[in-house]
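Here is how the chains run, residue by residue.
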Amino acid sequence: AGVAFAYWGLRLLIGAAPSDIPRLAGTTVDPQVLLFACGITLAAGLLAGLAPVMLAGKMDLTTALKEGARMAGGGKQRQAFRNLLVIAEVALTFVLAFGSGLLLRSLIAAQRINPGFDPQRVLAFSLQLPSKAYGSPEAISGFYTRLLTDLRRLPGVVDANSVSCAPGAGDCGDWFYSVPGRPAPPQNEVPIALFDSADAGYFRMMRIPIRQGREFNESDGAAGPKVAIVNETLARAWWPNEPAVGHQIKVGGPYQEGGLLEVVGVAGDVRQFGLDSQPSADICRPSSQMNGSDRTILIRTAGNPASLMTAIRARVLALDRNLPLQRFGTLEESLGAGLAQRRFTTLLLTLFAGLAVMLAAIGIYGLLSYWVTSRESEIALRLALGASPSRILRWTSFQALRLALIGVALGVVGGWAAARALEDLVFGIPPRNPATIIAAALAVITIAFAAALVPAWRAARVDAARRLHYT
């Protein structure tokens, strides 16, 4: 059954995994790994089966006979050993439940993060203009001007702009920079920023707020003063107590040649490396002053973006039929894909936690069922002496609850230590999160209590007269 489940489960995991995992398509159930897993499973079953046999061989017959049916099947030491196994199982289950709870809350926190721009109803695609056909700045500028004009005329298009790097697309190019008038840092500590370019109106279209100054306009042409808009992260780092507008930034470190840029605006931070990342320093320049041939076209639509994809593709091919549209899709899809690795990691740990919870429930059920069977005579005697079935039910349930509480207490210690190993995977919440600890504890205790209900109910329904007659 396990081998069949391995083949079936692998196909499901491959379907749920991000496509950028190396060699994912060639993943199979490896025969050597399968044999190893089978060997470990058989060894574990053999050891678990030999343990009670070895304990039975050391049984003190006199003591066992004195204990009688009340402790049939094992003395106090063996019962304590079984209790320890269940406690360890519950403790490990809590650690896995706590870890999966942390990653699940991190995923929810990342999905709720404001990316710094509005991705709704925005289409994006990238173009790479060949140097042979577009070998001059005038040819490049002319093509993009015609394309954007045509796209804005399409019914259902609100606006269209071009950028060198789409928001949330990751690192499209970074370089050293420095601030004139500030002490030069050591050569190995020269700051780095993301350098990109955008059209006039880009920040307004993408609803990226301008905190200080202005955004680009038509006066920021190729012949005009060299200007830039920096983000809040860079502005806070260099001018925390004064406006950044009016200051200058040098392209390149203090030990390199580079031009000067005047800061004309400060824009809100954009999470360029995904929703679960922190904003990085960013320097944006006007497209007219960079005039790069490779750009990303952003189109905000009034309705469903997918309904315009055919018309947009036709407009591009009408200008140049040899230009392929790369990475054509919505920004919302791109942002969601950025969380794919986090989703997959959370899925794997949640699956392992679910299996551990199931095994712990089976362990508690088996232990308590055995405990009820071995103490039926004692339970019958208690009922004959006047104990009510509800009292027997509480007494039996307490046995499972006691083991679960001890296991959870030990699991909290293990989870607290494991939180350090999860620091790099946790986002938006502290790794040692009390709410997650409480939620995991309640979940494990509830599962343990539910597993104990059937044997506890069976204990309360023991036929006292019939059991004492046979005893």
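Before any of the text, the structure's been laid out above.
Residues numbered from 1 in each chain as written. Predicted model: local features only at pLDDT ≥ 70, side-chain atom pairs only at ≥ 80, totals over all residues. Heavy atoms only, no water.

**Let's talk about the overall build of the chain**
Counted only if it meets this: Every helix listed is a DSSP run of H or I at least four residues long, and every strand listed is a run of E at least two residues long, numbered separately from the N terminus. Radius of gyration here is computed from C-alpha atoms only, and the compact-globule reference equals 2.2 Å multiplied by the residue count raised to the power 0.38. Each residue is placed in one exposure class: buried if its accessible area under a 1.4 Å probe, protein chains only, is under 20% of its type's maximum, exposed if it is over 50%, and partly exposed if it falls in between. Any two residues whose heavy atoms approach within 4.5 Å are treated as being in contact. Computed with the Shrake-Rupley method and a 1.4 Å probe, the accessible areas treat only the protein chains shown as cover for residues. Note that His is not counted, nor are the chain ends; the positive residues are Lys and Arg, and the negative ones are Asp and Glu. Taken as the charge centre is NZ of Lys, CZ of Arg, CG of Asp or CD of Glu, depending on the residue.
A tally of regular secondary structure across the chain gives 15 helices and eleven strands. For 471 residues, the compact-globule estimate of 2.2 N^0.38 gives 23 Å, and the C-alpha radius of gyration of the chain, at 33 Å, exceeds that figure by more than 25%. The dimensions of the chain, computed from C-alpha atoms along their principal axes, are 105 × 50 × 45 Å. Across the 471 residues in the chain, those meeting the buried criterion constitute 42%. A fraction of 80% describes how many contacts in the chain between residues 6 or more apart in sequence connect residues 24 or more apart. Carbon together with sulfur atoms contributes 62% to the accessible area of the chain, which is approximately 25,600 Å² in total. Charge-centre separation for the chain: the mean point of 44 positive side chains lies 13 Å from the mean point of 33 negative side chains.

**Remarks on the nonpolar core**
Nonpolar side chains in soluble globular proteins tend to be buried together. The condition is simple: Side-chain atoms within 4.5 Å link the members of a nonpolar core, which is a set of buried Ala, Val, Leu, Ile, Met, Phe, Trp, Tyr and Cys residues.
Judged by nonpolar contacts, the single largest core of 37 residues is most densely connected at Phe94, Phe98, Ile364, Ile379 and Val408. Going through the elements one at a time, helix H4 (76–112), helix H11 (340–374), helix H12 (376–384), helix H13 (389–421) and helix H14 (434–460) are the ones with two or more residues in this core. Among the elements that make up this core, the one with the highest residue count is H14 (nine residues). Excluding anything up to four places from it in sequence, isoleucine 379 contacts Val372, Ile392, Trp395, Ala459 and Val462. Leu107, Met206, Ala267 and Cys284 belong to the second-largest nonpolar core, a separate cluster that totals 26 residues.

**Brief notes about the pattern of salt bridges**
The cut-off we apply is this: Between Lys or Arg on one side and Asp or Glu on the other, a salt bridge is scored when a side-chain nitrogen of the former is within 4 Å of a carboxyl oxygen of the latter.
Under the definition given, this model contains nine salt bridges. Aspartate 118 serves as the salt-bridge partner of arginine 300, at 3.7 Å between the closest nitrogen and oxygen. Pair noted here: arginine 300 is in strand S10 (residues 294–301) and aspartate 118 is in the loop between H4 and strand S1 (122–128), with a separation of 182 residues, a long-range link. When its relative accessible area of 4% is taken as the criterion, arginine 300 is described as buried. One salt bridge connects arginine 152 with aspartate 159, and the closest N-O pair in it is separated by 3.2 Å.

**Notes on the state of the cysteines**
Stated formally: Any two cysteine sulfur atoms within 2.5 Å of one another count as a disulfide.
Counted according to the given criterion, the structure contains one disulfide. What pairs with cysteine 165 in a disulfide is cysteine 172, and their sulfur atoms sit 2.0 Å apart. Because the sign of the S-S torsion sets the handedness, a value of about 60° for the bond joining cysteine 165 and cysteine 172 places this disulfide among the right-handed ones. Judged by relative accessible area, cysteine 165 falls into the buried class, the value being 7%. Take cysteine 172: its relative accessible area is 46%, and that puts it in the partly exposed class.

**Points about the packing of aromatic side chains**
Applicable threshold: Only Phe, Tyr and Trp rings take part, Trp by its six-membered ring, and two of them pair if their centres are within 6.5 Å. Stacked means planes under 30 degrees apart, edge-to-face means over 60, and tilted covers everything else.
Evaluation of the coordinates by the stated rule reveals nine aromatic pairs. Pairwise contacts between aromatic rings join Tyr134, Phe143 and Tyr144 into one cluster.

**Overview of the packing of H4 against H14**
Think of two packed helices as two axes; the pair is described by the angle between the axes and how far apart they sit. The condition that has to hold: Every angle, taken between N-to-C directions, lies between 0 and 180 degrees, and every axis is a line fitted to C-alpha atoms, over only the stretch in contact when it is a helix. In these notes the angle categories are as follows: under 35 degrees is roughly parallel, over 145 is roughly antiparallel, 65 to 115 is roughly perpendicular, and the rest is oblique. Crossings are assigned a handedness: left-handed for a near helix turned anticlockwise from the far helix by less than a right angle, right-handed for a clockwise turn. Here the nonpolar group is Ala, Val, Leu, Ile, Met, Phe, Trp, Tyr, Cys and Pro; Asp, Glu, Lys and Arg are the charged ones; every other residue, Gly included, is treated as polar.
Following both chains from N to C, one finds H4 and H14 inclined at 135°, their axes separated by 9 Å at the closest point. Considered as vectors, H4 and H14 are oriented oblique to each other. As H4 runs across H14, the sense of the crossing is right-handed. Packed against H4, whose contacting residues are Val90, Thr93, Phe94, Ala97, Phe98, Gly101, Leu102 and Arg105, the element H14 presents Ala435, Thr436, Ile437, Ala440, Ala441 and Val444 at the interface. When grouped by side-chain class, the residues that make up the contact of H4 with H14 number ten nonpolar, three polar and one charged.

**A look at helix H5 (residues 137–152)**
Applied cut-off: Under the convention used throughout, the expected extent of a helix is 1.5 Å for every residue step, that is, one less than its residue count. It is the directions from the helix axis to the C-beta atoms that the arc portrays.
Here H5 spans 23 Å end to end across 16 residues, near enough to the 22 Å set by a 1.5 Å rise per residue. Listing the buried residues of H5 in full gives Ile140, Phe143, Tyr144, Leu147, Leu148, Asp150 and Leu151. Along H5, the residues classed as buried sweep out an arc of 160° about the axis, all on the same side. Turning to H5, the residues buried within the fold contact S1, strand S2 (157–163), S10 and helix H9 (309–319).

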